[in-house]
Amino acid sequence: MTTSDTATDAQLSALEARFEDTIARSERIEPRDWMPEGYRKTLVRQIAQHAHSEIIGMQPEGNWITRAPSLRRKAILLAKVQDEAGHGLYLYSAAETLGVSRGELTEMLIEGRQKYSSIFNYPTLSYADVGTIGWLVDGAAICNQVPLCRTSYGPYGRAMIRVCKEESFHQRQGYELLMTMMQGTEEQRAMVQESVNRFWWPALMMFGPPDEDSPNTAQSMAWGIKRNTNDDLRQRFVDMSVPQAEALGVTFPDPDLKWNAERGHHDFGEPDWDEFMQVVKGNGPCNAQRIAHRRTAHEDGAWVREAALAFADRQREAARA
Amino acid sequence: MSGQDFTTEGGHGAVPLQGVPAAKPGHGSEREWPLYEVFVRGKRGLNHVHVGSLHAADDEMALRHARDVYTRRNEGVSVWVVQARHVAASSPDEKDPMFAPSGDKVYRHPTFYSIPDDVPHM
C-alpha cells in the first residue's frame, strides 16, 4: 500500500498496531487493509507460486488424457485437469488483489524467475502414475492446503476453501484407480508398486526442507500465513498414508518406516534433500520441458488474446456510434 | 543445508520464499484483458455473493469464463459479472466515519427496548 510512503512514524506504528491486532484476534486481512510490505511480498510469492504449481500441474497428468484406458477414465482425467486450471485461476485472482498483474506473473513463470512445486518436474511414465499422483501428490497437497483455509489473508483463504472441496475428488479418483489396478493382473499390480516407489520420496519432499532449514517459518506463522511447520505436515502425511497403503496392498520404499508406539507416530527415513535442491534449481527430469510447454502455449495464444481485445474495442466503438 | 526458506504451504508443494521476485503492480508487457468481479447466486432465494475475479475481453466472455471457473459443480443458478474498475468501495480504514453512525444508535436494535417477559409474541 502506498500509505506507508507518506505516513509519519506515529501513523505507521498505529497502522502496524492495528494490523497486529487483527492477526492476534484471528481475523482476516482484506485487500485494501494496510499491511507490512514483508507480509505483502511473502503472500505474493506464496500465492503466485501456488498458482504456477496448479497450472504446471496440468502437464504430467494431461500426458495421459489421450491414452486413458476407457471413456470413463478419460472423462474423469479431463475433469481433474480442468480443475487444476481452475485452481490456478482462483489463486491468480487472489494474488491480483495484492496489486500484481496476471501478465507479469505469467512472464515470471515462463522466465523461470518464480518457481512452482518440484513434484511436477517428475515424469509420468506409466498410466498408474495418474492414480499415484491423485493419491499421494494430491493427498500431500490436501495436508498442506486444509490448514491454509484459515490463513490470515482473506482472498487466499477463500480460494483455498474452493480448492479443498475439489481436491477430495482428486484424491479419491486416484486411489480408486489404483485399487482397480490392484485387483487386476500381476503385471498391473507391479505397475502400481513401481509407480508408488517413484513418487513416495518426491511426495515427502513436497513439504519442504526440515524445520531447522526453514528460517522464516516463525515469521510466516506469526503472520498467520503459515499454520503448521514443514515437519509437522510431513509427519501427518506419513501417518495418514501408511494404512492407506496397507489397504491398497503396496509398500513404501523406505526401510526405516515403522510405527513408533512411544511417539504415537511413524518413524521414517530422510528424503534426499540434495535431489530436492537440484530439482528446485532446474535440474529435475522435466523442468525444461514443463516451462517450454507453458511458454509455447502462452506465445501461441497471444494472437487470440489480441484479437479478442480488438474485437471488444470494435464492438464498443460500434455501440457508441 | 539450503539456506533458502521454503514454505510447504505453497499448497501443491514447497516453493521458495527467498530469492524470488514478488512482482510489482502493472509490469506485464502485454495489454491485459480487463479484470471482472464475479458474483454467483447459489440457489433461488439467496443473494448473489462475490466469489472471485477473472479476466475477459468483454462481458459475454466474462460470463462464459465465470461459468467455467466458478460453477463447475452446480455452485450457482445465476452469475453476475462487472468490470472491477466499475466497483466503488468504502475505505477500509476503521476510523472512517462511514460506519460510525450505526455505533451510537443503539435504539435501532430490538434489544434496546425492555418489555416484560409475560407479554406474548414480542
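Residues numbered from 1 in each chain as written. Chains lettered and ligands numbered in written order. Predicted model: local features only at pLDDT ≥ 70, side-chain atom pairs only at ≥ 80, totals over all residues. Heavy atoms only, no water.

### Details of the overall build of chain A
Counting its regular elements, chain A contains 14 helices and two strands. Computed over C-alpha atoms, the radius of gyration of chain A comes to 22 Å, within 12% of the 20 Å expected from 2.2 N^0.38 for 321 residues, which places it in the range of a compact globule. Taking the principal axes of the C-alpha coordinates as reference, chain A spans close to 70 × 60 × 35 Å. Residues counted as buried form 56% of the 321 residues belonging to chain A. Pairs at least 24 apart in sequence give 77% of the contacts found in chain A among residues at least 6 apart. Side-chain charges of chain A comprise 36 positive and 45 negative groups, with the mean position of each set lying 6 Å from the other. (Helix = DSSP H or I, 4+ residues; strand = E, 2+ residues; numbered from the N terminus. Rg over C-alpha atoms; globule rule 2.2 N^0.38 Å. Buried < 20%, exposed > 50% of the residue type's maximum accessible area, 1.4 Å probe, protein only. Contact = heavy atoms within 4.5 Å. Lys, Arg positive; Asp, Glu negative; His and termini not counted. Charge placed at Lys NZ, Arg CZ, Asp CG, Glu CD.)

### Some remarks on the pairing of strand 3 (residues 35–41) of chain B
Residues and elements named next belong to chain B. Relative to strand 4 (residues 48–55), strand 3 runs antiparallel, the two being bridged by seven bridges. Across the sheet, residue arginine 41 finds its bridge partner in strand 4, namely histidine 48. Where strand 3 meets strand 5 (residues 78–83), six bridges bridge the pair, whose relative direction is antiparallel. Its bridge partner lying in strand 5, valine 38 is registered against valine 81. (Pairing = 2+ DSSP bridges.)

### Some remarks on the sheet that holds strand 3 of chain B
Residues and elements named next belong to chain B. Pairing is antiparallel in the open sheet, where three strands are placed in the order 4-3-5. Since the sheet does not close on itself, it has two edges, and those belong to strand 4 and strand 5, each with one partner. Recorded for the sheet is a direction-independent mean angle of 25° between the axes of neighbouring strands. (Axes fitted to C-alpha atoms, helices over the stretch in contact; angles between N-to-C directions.)

### Remarks on the packing of aromatic side chains
Residues and elements named next belong to chain A. Tallied over the entire structure, the rule returns 13 aromatic pairs over all chains. Each ring, one from tryptophan 64 and one from tyrosine 127, has its centre 6.1 Å from the other, and the planes form 65°; the classification is edge-to-face. Here tryptophan 64 is found in the loop between helix 4 (58–62) and helix 5 (71–96), whereas its partner tyrosine 127 is found in the loop between helix 6 (102–110) and helix 7 (128–148), with 63 residues between them in sequence. Of the residues examined, tryptophan 64 reaches a relative accessible area of 10% and is grouped as buried. Ring centres 5.8 Å apart and planes at 25° place the aromatic pair tryptophan 135 and phenylalanine 252 in the stacked group. Placement of tryptophan 135 in helix 7 and of phenylalanine 252 in the loop between helix 11 (230–248) and strand 1 (258–260) is noted, with a sequence separation of 117 residues between them. The pair tryptophan 135 / phenylalanine 252 is uniform in exposure class, with both members buried. For arginine 67, the ring lying beneath its charged end belongs to tryptophan 64, and the centroid distance is 4.1 Å. (Phe/Tyr/Trp six-rings, centres within 6.5 Å; stacked < 30°, edge-to-face > 60°. Lys NZ or Arg CZ within 6 Å of the ring centre and 35° of its normal.)

### Notes on the interface of chain B and chain A
The interface of chain B with chain A comprises 53 residues on the first partner and 81 residues on the second. Taking both partners together, chain B and chain A bury about 5,300 Å²; carbon and sulfur atoms supply 52% of that area. Seen at the junction of chain B and chain A, the total is five salt bridges. A salt bridge links glutamate 166 of chain A to arginine 72 of chain B; the shortest N-O distance between them is 2.8 Å. On the surface where chain B and chain A come into contact, there are 13 residue pairs in polar contact (both at pLDDT 80 or more). Residue assignment for the side of chain B that touches chain A shows that the elements contributing at least two residues are strand 1 (6–7), strand 2 (15–16), strand 4 and helix 1 (59–70) of chain B. When grouped by side-chain class, the residues that make up the side of chain B that touches chain A number 21 nonpolar, 18 polar and 14 charged. (Buried area = accessible area lost by both parts, 1.4 Å probe. Salt bridge = Lys/Arg side-chain N within 4 Å of Asp/Glu carboxyl O. Polar contact = N/O pair within 3.5 Å; in protein donor to acceptor, adjacent residues only side chain to side chain. Nonpolar A, V, L, I, M, F, W, Y, C, P; charged D, E, K, R; others polar.)

### Observations regarding the nonpolar core
Tyr39, Ile47, Trp135, Tyr153 and Phe237 of chain A are the most contacted members of the largest nonpolar core, which totals 92 residues. When neighbours within four sequence positions are excluded, phenylalanine 237 of chain A is seen to be in contact with Leu136, Gly139, Ala140, Cys143, Trp200, Ala203, Leu204 and Phe207 of chain A. The next biggest cluster of nonpolar side chains, apart from the first, holds five residues, and it includes Ala308 and Ala312 of chain A together with Trp33 and Ala57 of chain B. (Core = buried A, V, L, I, M, F, W, Y, C linked by side-chain atoms within 4.5 Å.)

### A look at the pattern of salt bridges
Residue and element names in this part refer to chain A. This structure, assessed with the given rule, holds 25 salt bridges over all chains. Its salt-bridge partner being arginine 40, residue glutamate 37 comes within 3.3 Å of it at the nearest N-O pair. With glutamate 37 and arginine 40 both in helix 3 (residues 37–56), this residue pair falls three residues apart, about one helical turn. Here glutamate 37 falls in the partly exposed class, since its relative accessible area comes to 36%. Note that arginine 113 is salt-bridged to glutamate 111, the shortest N-O span being 3.2 Å. By relative accessible area, which is 40% here, arginine 113 ends up partly exposed.

### Points about the packing of helix 8 (residues 154–182) of chain A against helix 9 (residues 186–205) of chain A
All names here are of chain A. In contact at an axis separation of 8 Å, helix 8 and helix 9 are set at 140° when each is read in the N-to-C sense. By the angle class used here, helix 8 and helix 9 are oblique. Along the contact surface, helix 8 presents Leu178, Met181 and Met182, while helix 9 presents Gln188, Arg189, Met191 and Val192. (Parallel < 35°, antiparallel > 145°, perpendicular 65-115°, else oblique.)

### Quick word on a nonpolar patch on the surface
A surface patch of nonpolar side chains, amounting to about 730 Å² of accessible area, comprises Val106, Tyr107, Phe112, Tyr113, Ile115, Val119 and Met122 of chain B. Relative to the helices and strands, tyrosine 107 of chain B resides in the segment after helix 2 (100–103). (Patch = residues over 30% accessible without salt bridge, like charges linked within 9 Å, V, L, I, M, F, W, Y side chains within 5 Å. Areas by Shrake-Rupley, 256 points an atom, 1.4 Å probe, with all protein chains shown as cover.)

### Let's talk about unusual backbone geometry
Residue and element names in this part refer to chain B. Of note in the backbone geometry, asparagine 74 takes a positive phi value of approximately 55° without being a glycine. Of note, asparagine 74 is situated in the loop between helix 1 and strand 5. A positive phi angle is found at histidine 121, which is not glycine, with a value near 55°. Within the fold, histidine 121 resides in the segment after helix 2.

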